[in-house]
Structures are given as C-alpha cells and as structure tokens.
Amino acid sequence: MQNMFRTGFLVRATHTLLTWVITLILFLHNTDLRKCEERGELLLPVLFFLLVVLSVLLYFAVSLMDPGFVLTDSVKGSNEEMESMIPQSSTPRLRRCGYCLLQQPMRAKHCQTCKHCVRRFDHHCPWIENCVGERNHRWFIVYLLVQLLALLWALHIALSGVSPSPTWVLWFRVNAFLLVVLVLVGVFSVVAGMLLGIHLYLVSINCTTWEFMSRHRIAYLKNCGDEENPFDRGVFCNLWDFFCICRTVVWEKTYDRNTPNSV
C-alpha cells in the first residue's frame, strides 16, 4: 500500500475516476448535453467529450513526464563544452546537492518527494504526483488551461440541468447529484484559474514558484534587489523562450550577462 502511494497510483486513479464520474453525471441528467443528444445534435456533446479526453491525456502526460531530473553532474571534466559555456568568474559556484551528491545546475533544486534534483525547479505538485520543472512546466500550463476550459464548460452544463421543484426538500432530492457536481467543479475551477494566473505571471517575469517564495534563501538571488531578477528578458522574450524554445538552458550564462557585478 505504501508503494502505491509513492508511485502516485491512488492520486492518478482518483483524478481519472472523479473526471469520468462527473462527465457521466452531466451526460445522464437533463442538461444541455442530454437535450442535444435527444435532438440529434451531437456536435456539442462530442466536443465536450473530446475536451475532457484531452484534459485527461494532458494530466497523464504531465504526471508521468520527466520534469528535468538531474541524473549526472552538469559540469565534469569530460564535458568540456558545457564547462566552457559557464562563466566561472562572476557566477556563484555550483553547489553539490547534499542528498543525491550531484552538482546542481543553476535554478535546480532537490525534491525530497521525487528523490532527485530537478532543473529549473518550480514546485512539487501533489495532484499530479510529480515535480514541475524545466521539461514539463509548459505542458503543465497547457494542462491547466485545458482543464479550466473543461471545468467552466462543465459548470455551465451542470447549471443547465438544475430543475425547479415545488419544495426545497424535493429540489435538493431531484438535483442532489448536480449540486455535488456544481460544488466540486466550482472549487476546482477557482483553484485551476488561480494556478493558471499565477503561473502565467511568473512565466512572464521568468521566475519560478520556488524562487518567488524563497529568494532570500537562494544563493544566486539573495544578494539581488527585491525587484531585480537576473533571468528577466522582458515579457515577450520570456513567454517566447518558455513556450517555444525546447532545449536545456544554461542559466549561468544568462545570470552572468545580466549581473556583471555578481560575486
């Protein structure tokens, strides 16, 4: 049982089961989806179903993807090209992780849940049971966007199925399942919307959640001013680099270029 929790099986199974139970309730009750099916208008039901499928596929992709685990030393004598790319004069020295004993690239952090250092570590997300880092962060945001769209559409569909009744007791009894769906979907919509907004803001300034919350404890940031971010290249460049550049970034070069007086 403990191993099942470690692998995230229960979290992923719960997410999948909850998603399809809510979808089934929306299709079976007298909602707009059901009315469209009865009229033979299948476009909206099919589109909603495909959006739900896409959200589930993205969930598993982000959950099972390598977030950017550091599996070997980033700077070794055998890797002269990488070593020559990192300006040693003004950049803070790479620290060796006290847990996995590997040298951490700049912006990497050890995750004690995943037992690995993660490149451009953002946070460990308990809902996907995986870290969000350099390799899956953009897909995490795409997943949040698709999930939010599915949740808002589900909220609208659930509202359309609420039926009036002559008494409150009968109203609660008739609409019990839809009311539960409304509460769950409403809460998830607020959470997904807040997460999406926060992450888009942090991406626009090229900052991670870990850096934003703990900059006073991070060696390469604690000597910077409160409004200073050595990785910020402007909103457009930050968004372009984040969503369109699929490669490992040597952050030491960016840091050294933007902080010429760093020590």
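Predicted, not measured: the structure shown is a model, and the values here were computed from it.

1. What about the pattern of salt bridges?
Tallying each qualifying case throughout the model produces 5 salt bridges. Of the charged contacts, one joins Arg39 and Glu41 as a salt bridge, the two residues approaching to 3.2 Å between their closest N and O atoms. Residue Arg233 is joined to Asp241 by a salt bridge in which the shortest nitrogen-to-oxygen separation is 2.2 Å. According to the relative accessible area criterion, Asp241 is partly exposed, its value standing at 26%.

2. Thoughts on the packing of helix H6 (residues 137–160) against helix H10 (residues 235–244)
Running from N to C, H6 and H10 cross one another at 95°; their axes reach a closest spacing of 8 Å. Judged on the interaxial angle alone, H10 and H6 are roughly perpendicular. Residue-level contacts link His137, Arg138 and Ile141 of H6 to Asp241, Phe242 and Phe243 of H10. Considered class by class, the residues forming the contact of H6 with H10 number 3 nonpolar, 1 polar and 2 charged.

3. Some details on the confidence of the model for the protein
For residues with low pLDDT, the predicted coordinates do not support detailed interpretation. For the protein, the mean per-residue pLDDT works out to 86, and 86% of the residues sit at or above 70. Mean pLDDT in the protein bottoms out at helix H5 (residues 80–85), which sits at 45, and peaks at H6, which reaches 97. Contacts for the low-pLDDT stretch residues 76–89, under 50 throughout, to residues beyond four places or in other chains number 15 contacts.

4. With respect to the packing of aromatic side chains
Per the stated rule, a full pass over the model turns up 11 aromatic pairs. With 5.7 Å between their ring centres and 45° between their planes, Trp20 and Phe49 make a pair best called tilted. One end of the pair, Trp20, is in helix H2 (residues 9–28); the other, Phe49, is in helix H4 (residues 43–64), and 29 residues separate them in sequence. Summarising the aromatic geometry, the rings of Phe121 and Trp210 are spaced 6.4 Å apart at their centres and angled 80° between planes, so their arrangement reads as edge-to-face.

5. Remarks on helix H8 (residues 176–204)
With 29 residues, H8 should reach 42 Å at 1.5 Å per residue; the first-to-last C-alpha distance of 42 Å fits that figure. The complete set of buried residues in H8 reads Leu178, Leu179, Val181, Leu182, Val185, Ser189, Ala192, Leu196, His199, Leu202, Val203 and Ser204. At its buried positions, H8 is contacted by H2, strand S4 (123–125), H6, helix H7 (168–174), helix H9 (209–214) and H10. Downstream of H8 by a residue or two, Asn206 has a phi angle that is positive, lying close to 55°.

6. Brief notes about the environment of Leu51
Checked against the element boundaries, Leu51 lands in helix H4. When its relative accessible area of 16% is taken as the criterion, Leu51 is described as buried. For Leu51 and Leu151, which are 100 residues apart along the polypeptide, the C-alpha to C-alpha distance reads 9.9 Å. For Leu51, the residues in contact, after removing those within four places along its chain, are Val146, Leu149, Ala150 and Trp153.

Calculation criteria
Residues numbered from 1 in each chain as written. Predicted model: local features only at pLDDT ≥ 70, side-chain atom pairs only at ≥ 80, totals over all residues. Heavy atoms only, no water. Salt bridge = Lys/Arg side-chain N within 4 Å of Asp/Glu carboxyl O. Buried < 20%, exposed > 50% of the residue type's maximum accessible area, 1.4 Å probe, protein only. Axes fitted to C-alpha atoms, helices over the stretch in contact; angles between N-to-C directions. Helix = DSSP H or I, 4+ residues; strand = E, 2+ residues; numbered from the N terminus. Parallel < 35°, antiparallel > 145°, perpendicular 65-115°, else oblique. Contact = heavy atoms within 4.5 Å. Nonpolar A, V, L, I, M, F, W, Y, C, P; charged D, E, K, R; others polar. pLDDT = per-residue confidence, 0-100. Phe/Tyr/Trp six-rings, centres within 6.5 Å; stacked < 30°, edge-to-face > 60°. Expected span 1.5 Å × (residues − 1).

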